[in-house]
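# Architecture and fold: a report
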Amino acid sequence: MAALPERVDDDRDLVAAGPAAPWRPDVVVTAVVGGIVALFPIAFAVVTSFQSSSMTGFRWGFSLDAWRSVFGSGRFAVVIETLGYAALVAAIATLVSIPAAYVLRRARPVTRAIVLAFMTAPFFVDLTSRMFALRVGFSRDGAVEMLLSPLGIEPGVVSGLLFAPGGVVFGLLSAYLCPAFFPFFRGMPPTPADVLDAARTLGAGDRRTLARVVIPLAAPAIVAGFVLSFLCCLGDFVIARTITGEMVPVIGTSIESAVTAFRFPVVGALTTILFGVMLVIGGLARAVLSARRSFGRRQPA
């Protein structure tokens, strides 16, 4: 009986281990369900984006009116702004999550369990309820302004930030910090003690050990956390509506307004743009990880 390869590091090892049977029942069922659930709505959105709008939704027939409407109006500016919000929040969440996960990994098991319990508690509360509580706390004469009033901050200064892009960024960060933290925390490999001892012997402190040892080992988890947080922020519209009262539009609110107006081709065009952004982000993440693996193979032993 042939021995299986000890590790499967890349596509060549997968080929050496033997391809999976393409007509196995589980493979066929997964492909069919995935095609119906995931690919069909996306394909329908792409096809709809090239139709004409009508009072009932759209008329069959090739048309570029929806795309002209997106690029010729303020909707495309909303798309760019939303991409900026999502990238900023994902970057901040990743930068905060890396040292936080590193410290929590080194904490005592009891402390780690308590912190993780507090971090998972918000997931048991509806997102809309959490955002309403956030808005009430930061509203005019709310709890935050009452606490800051002894410092001489005038009423309305803090609450005014909620109805600006800063309010969207703050709301997204409070909601989607954990999607960036947990992949890194779970995917960060436990650094062997001898590696840490070697780093200390060579004069590396905690910061340099984190930057030169821990982060390179956890690069896949960091990329996964960034992408997950970015995509969550990109498709969210509840936070922008709840926090800013629709004062700051995002892609989600633009899609909702198009649905309300029965402009389904515009909805299809915006959905196609979202899907294209997701493909680009996925491709960039794969390229980064592939470059990392290639660089690691070129290093001298």
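Residues numbered from 1 in each chain as written. Predicted model: local features only at pLDDT ≥ 70, side-chain atom pairs only at ≥ 80, totals over all residues. Heavy atoms only, no water.

Counting its secondary structure elements, the protein chain contains 16 helices and two strands. A separation of at least 24 residues holds for 72% of the contacts in the protein chain among residues at least 6 apart in sequence. For the protein chain, the accessible area works out to roughly 18,200 Å², and carbon and sulfur atoms hold 71% of it. (Helix = DSSP H or I, 4+ residues; strand = E, 2+ residues; numbered from the N terminus. Contact = heavy atoms within 4.5 Å. Areas by Shrake-Rupley, 256 points an atom, 1.4 Å probe, with all protein chains shown as cover.)

Following the criterion strictly, the structure yields 10 aromatic pairs and no others. Seen in terms of ring centroids, Phe71 and Phe76 are 4.8 Å apart; in terms of plane orientation they differ by 40 degrees. Their pairing is tilted. Phe76 gets classed as partly exposed once you look at its relative accessible area, which sits at 31%. One aromatic cluster is present, built from ring pairs that chain together Phe50, Phe62, Trp67, Phe71 and Phe76. (Phe/Tyr/Trp six-rings, centres within 6.5 Å; stacked < 30°, edge-to-face > 60°. Buried < 20%, exposed > 50% of the residue type's maximum accessible area, 1.4 Å probe, protein only.)

What follows covers a nonpolar patch on the surface. Among the surface-exposed residues, Val28, Val29, Val32, Val33, Ile36 and Val37 lie close enough to one another that they form a single nonpolar patch of about 520 Å² accessible area. When you line up the elements, Val32 lands in helix α2 (residues 25-48). A relative accessible area of 46% means that Val32 is categorised as partly exposed. (Patch = residues over 30% accessible without salt bridge, like charges linked within 9 Å, V, L, I, M, F, W, Y side chains within 5 Å. Salt bridge = Lys/Arg side-chain N within 4 Å of Asp/Glu carboxyl O.)

Once that is clear, we can look at the nonpolar core. In this structure, Tyr85, Val168, Leu172, Phe230, Leu234 and Ile239 are the most contacted members of the largest nonpolar core, which totals 39 residues. For this core, the secondary-structure elements that each account for two or more residues are α3 (65-72), α4 (75-105), α6 (127-137), α9 (165-176), α13 (219-235), α14 (238-244), α15 (251-260) and α16 (264-298). In terms of residue count, α16 provides more of this core than any other element does, 10 residues in total. In this structure, Phe230 is in contact with Leu83, Ala86, Ala87, Ala90, Val277 and Ile281, ignoring residues within four places of it in sequence. (Core = buried A, V, L, I, M, F, W, Y, C linked by side-chain atoms within 4.5 Å.)

Remark: helix α5 (residues 109-120) packs on helix α10 (residues 178-187), axes separated minimally by 11 Å, with the N-to-C direction vectors making an angle of 145 degrees. Crossing of α5 over α10 shows left-handed handedness. On α10, the residues that touch Arg112, Leu116, Met119 and Thr120 of α5 are Cys178, Phe181, Phe182 and Phe185. When its residues are assigned to classes, the contact of α5 with α10 shows six nonpolar, one polar and one charged. (Axes fitted to C-alpha atoms, helices over the stretch in contact; angles between N-to-C directions. Left-handed = near helix turned anticlockwise from the far one by under 90°. Nonpolar A, V, L, I, M, F, W, Y, C, P; charged D, E, K, R; others polar.)

Attention now goes to the pattern of salt bridges. Here the structure, examined in full by the defined rule, presents two salt bridges. Among the ionic pairs, Arg68 bridges to Asp65, the shortest N-O distance being 2.9 Å. With Arg68 and Asp65 both in helix α3, this residue pair falls three residues apart, about one helical turn. Among the residues examined, Arg68 registers a relative accessible area of 52% and is labelled exposed. You can call Asp65 partly exposed: its relative accessible area is 45%.

This part is about the environment of Ala219. With respect to the element layout, Ala219 can be found in helix α13. Between the alpha carbons of Ala219 and Val288 there is a distance of 9.2 Å; along the sequence they are 69 residues apart.

Glancing now at the confidence of the model for the protein chain. Confidence along the protein chain averages 78 in pLDDT terms, with 82% of residues attaining 70 or more. Below pLDDT 50 for its whole length, residues 1-18 participates in eight contacts with residues either more than four positions away or in separate chains. (pLDDT = per-residue confidence, 0-100.)

Here we take up the packing of α4 against α9. The relative placement of two packed helices comes down to the angle between their axes together with the axis-to-axis distance. In the contact formed by α4 and α9, the axes pass within 10 Å of each other and the chain directions differ by 45 degrees. Considered as vectors, α4 and α9 are oriented oblique to each other. By crossing handedness, the relation of α4 to α9 is classed as right-handed. Between α4 and α9, the contacting residues are Tyr85, Leu88, Val89, Ile92 and Ala93 on the first element and Pro165, Val168, Val169, Leu172, Leu173 and Tyr176 on the second. Tallied by class, the residues present in the contact of α4 with α9 amount to 11 nonpolar, no polar and no charged. (Parallel < 35°, antiparallel > 145°, perpendicular 65-115°, else oblique.)

Turning our attention to α9. For α9, built from 12 residues, the straight-helix expectation of 16 Å at 1.5 Å per residue is met to within 8% by its first-to-last C-alpha distance of 16 Å. All buried positions along α9 are accounted for by Gly167, Val168, Val169, Gly171, Leu172, Ala175 and Tyr176. For α9, the elements touching its buried residues are α4, α6, α8 (157-162), α10, α13 and α14. (Expected span 1.5 Å × (residues − 1).)

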